[in-house]
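Each chain, letter by letter, is given below.
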Amino acid sequence: MNQQQRSALLDSSLRFPRPSGVHFSYGTSGFRSDASLLESTVFRVGILAALRSIQTRSVIGLMITASHNQVSDNGVKVADPSGGMLTQLWEPFADAIANAQDPSSLVQLVDDFMEKEGISLDGNFSAQVLLGRDTRPSGMTLLEAAKQGITSILGPNAIDMGIVTTPQLHWMVRSRNSGFEASEQNYYDQLLTSFRSLLDYCPGGGVNVNDKLVVDGADGVGGEKLEMLKGRLGLSLDVRNSGFGLLNEGVGADYVQKEKVVPRGFGPEDAGKRCASLDGDADRLVYFSVIPNSHKIELVDGDKILSLFALFLKEQLSILTEPEDGKSKSSGEVSLVTVQTAYANGASTDYLKELGLQVILTPTGVKYLHEKASEHDIGIYFEANGHGTILFSDRFLSWLETKNAELSSTSEGSNKHIAALRLLAVSKLINQAVGDALSDLLLVEAILLHKGWSIHTWSQIYQDLPSRQLKVKVLDRSAVKTANAETTVISPAGLQDEINIETAKYTHGRCFVRPSGTEDFVRVYAEASTQESADLLAHSVVTIVDRYLGFH
């Protein structure tokens, strides 16, 4: 680092002193905290994003959001060139610079890191960082801090994309690095074109049994965007909580999924309607229907969204790959997998297996799900909380384009040709960078129209097994070591044997424990055929864990 760069970095850093007594840790959500504590951290992430752009010679994204957290919080995270999350290899650097005690320490850390990574500020590459923020009042101040961080590295450009959903910013980064235009309008154009294509290919015009969709926008950015977009969708759509109330307060996908009650602005009068809920930055989606004469709901969560997507894609692949003589199917040439964590309801896993699909379990966390899904031709992943997407490999898309061109010339309009067109439309509608509530919602709507299903028909494809989640305070969470995607405890010795003995007492019993990623707790998940049994199993295992690891 030359003297001019060192001076620029030092001068900028002096304007953003680190708050005392706070430790920041970069996780799946990036950095999150009370917004009043974040200016120095966002400034420093701006530095990181600029360096990442220089090192990768690619456009990088920086998103200011705290998703489903309360409105007084905010956060910041980085989108890598693929549009996915920041590589885990850079997370220790993110932690180090966020927690550097003073400007001199920060400059030295940056200098050392640049040398270690071979990052040269030779000016041969015009680095670019796309900036986005959600609707939180603190967003504008933090945006300015991010810009200051980016431009404290001499050369990079900070490009403000305005108020956008988190998935929109990730999509923009992915598209820009793929050589495409990547404005917010480009995003809408791609969504609308592919969505209309899917509607055009619906059998018999795809009349839904219950055509009104009511969406809870969490009073966040997703609600505002959907309100703008709804006139162009051709759907009967009512958007509530679209930005005039308090963000995430009694609204949003996280609230609905956890509390299993109607969000603010919904009530018994909505019984029978098809309802959906976005989260604060529109990267999660759940559906629900209101139970008559109550404020409780029948939840259709991420597991059922995954099941719907998997069912549709499997059907289209089967049509496309069926030999003309109809004797056998060759869809085995295409690798279609579903990816879940151990928190997925056991009934959903059983349903997917009954469809003949491969189900792969990964450790908890979107980064593990996304990575595993990317290893296959088509990988579908979702968490129960409604975060998920579909990934299509370049190899598969190239094969599909070729197949479509071939069918277009030999049997245009045939079932096979329409199946190919549907799959191509799905690949363009879905956001392959990250889970995206807006694109996921449009795909759900297209599939329900295609199948002529009401939300109740969809909800009944399987019945969730009752479950219970608890946590146990322990002396040291690191004493728990797991294997098999966190479903088996390998340390302390003997703990898994006792869990197995307890689980075997219950019909459809399933239980696993895993250490918390952030606190000295061990989390317990239990399932069984009745709620009473699931509760008993969970509490019994809590007692066992406490005996092994608690305060004695």
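Numbering of residues begins from 1 in every chain and follows the order in which that chain's sequence is written. This being a predicted model, a pLDDT of at least 70 is required before a residue's local features are given, and a value of 80 or more before pairs of side-chain atoms are given or counted; all residues contribute to the totals for chains, interfaces and linings. Each side-chain value is derived from all of the structure's non-hydrogen atoms; neither hydrogens nor water enter the calculation.

Looking only at helices and strands, one finds 18 helices and 19 strands in the protein chain. Using C-alpha atoms as the atom set, the radius of gyration is obtained and then compared with a globule rule of 2.2 Å times the number of residues to the power 0.38. Its C-alpha radius of gyration of 24 Å places the protein chain within 12% of the 24 Å reference for a compact globule of 552 residues. In terms of overall dimensions, the protein chain has a C-alpha envelope of 70 × 70 × 50 Å along the principal axes. Relative accessibility thresholds used throughout: buried, under 20% of the residue-type maximum; exposed, over 50%; partly exposed, between the two (1.4 Å probe, protein chains only). Counting the 552 residues in the protein chain, one finds 57% classified as buried. Note on definitions: a residue-residue contact is assigned when non-hydrogen atoms from the two residues lie within 4.5 Å. For the protein chain, the share of sequence-separated contacts (at least 6 apart) that also reach a separation of at least 24 residues comes to 70%. Carbon and sulfur atoms make up 49% of the accessible area of the protein chain, which totals about 21,800 Å². Residues scored as positive are Lys and Arg, those scored as negative are Asp and Glu, and His as well as the terminal groups of each chain are ignored. A single reference atom marks each charge: NZ on Lys, CZ on Arg, CG on Asp, CD on Glu. When the 50 basic and 67 acidic side-chain charges of the protein chain are each reduced to a single mean position, those positions are 1 Å apart. By definition, any uninterrupted DSSP run of H or I lasting at least four residues is a helix, any uninterrupted run of E lasting at least two residues is a strand, and each is numbered from the N terminus. Only the protein chains shown count as cover for residues, with accessible areas throughout obtained via the Shrake-Rupley method and a probe of 1.4 Å.

Core analysis: the biggest nonpolar cluster contains 82 residues, and Y287, F309, I378, I390 and W458 have the highest contact counts within it. Excluding residues within four positions of it along the chain, I378 makes contact with L313, L317, V334, S335, L336, V337, I390, L391, F392 and F396. For our purposes a nonpolar core is just a set of buried Ala, Val, Leu, Ile, Met, Phe, Trp, Tyr and Cys residues, chained together by side-chain atoms within 4.5 Å.

Right, let's get into unusual backbone geometry. Looking along the chain, the bond that leaves S491 and enters P492 is cis, with omega of 5 degrees. In this structure, A218 is a non-glycine residue whose phi angle is positive, near 65 degrees. Within the element layout of this structure, A218 appears in the loop between β6 (212–216) and α8 (221–229). Residues other than glycine seldom take positive phi values, yet N241 does so here, at roughly 50 degrees.

Sheet strands line up and pair through hydrogen bonds in the backbone, either parallel or antiparallel. Strands pair, by our definition, only if DSSP identifies at least two bridges between them. If you trace the five strands from one edge of the open sheet to the other, you get β1-β3-β2-β4-β5, paired in mixed fashion. Since the sheet does not close on itself, it has two edges, and those belong to β1 (31–34) and β5 (157–163), each with one partner. Strand-to-strand twist of the sheet, defined as the mean angle between neighbouring strand axes without regard to direction, takes the value 15 degrees. Examined bridge by bridge, β1 and strand β3 (residues 73–79) share four bridges and lie antiparallel to one another. Across the sheet, F31 pairs through a bridge with V76, a residue of β3. Only the contacting stretch of a helix is used when fitting its axis, a line to C-alpha atoms as for every element, and angles between N-to-C directions run 0 to 180 degrees.

Here we come to the layout of surface pockets. In this analysis a 1.4 Å probe is tested at points of a 1 Å grid over the protein atoms alone, and where it fits but cannot get out there is a cavity; an open set with protein on both sides within 12 Å along at least five of seven lines is a pocket; lining residues have an atom within 4 Å of a point. Grid points are joined across faces, edges and corners, and a volume is the space filled by probe spheres set on the points. Empty space within the second largest pocket amounts to approximately 460 Å³. Considering the residues around the second largest pocket, the lining is formed by 17 residues, among which R174, F180, Q190, S427 and Q432 are closest to the centre. Counting only elements with at least two residues in the lining of the second largest pocket, the list comes to α6 (166–177), α13 (394–410) and α14 (415–429). With four residues, α13 is the largest single contributor of residues to the lining of the second largest pocket. When grouped by side-chain class, the residues that make up the lining of the second largest pocket number six nonpolar, six polar and five charged. Residues are grouped as follows: nonpolar covers Ala, Val, Leu, Ile, Met, Phe, Trp, Tyr, Cys and Pro; charged covers Asp, Glu, Lys and Arg; every other residue, Gly included, is treated as polar.

Let's shift gears to the sheet that holds strand β19 (residues 521–527). Taken in spatial order, the three strands make up an open sheet running β15-β19-β18, and their pairing is antiparallel. What marks the edges here is a single partner per strand, and that holds for β15 (467–473) and β18 (510–515). Taking the axes of each pair of neighbouring strands and ignoring which way they run, one obtains an average angle of 15 degrees across the sheet. Pairing between β15 and β19: seven bridges, direction antiparallel. In the strand pairing of β19, K473 is matched with F521. Against the sheet, helix α18 (residues 531–549) makes contact with β15, β18 and β19, and its axis sits at roughly 20 degrees relative to β15, the strand it touches most.

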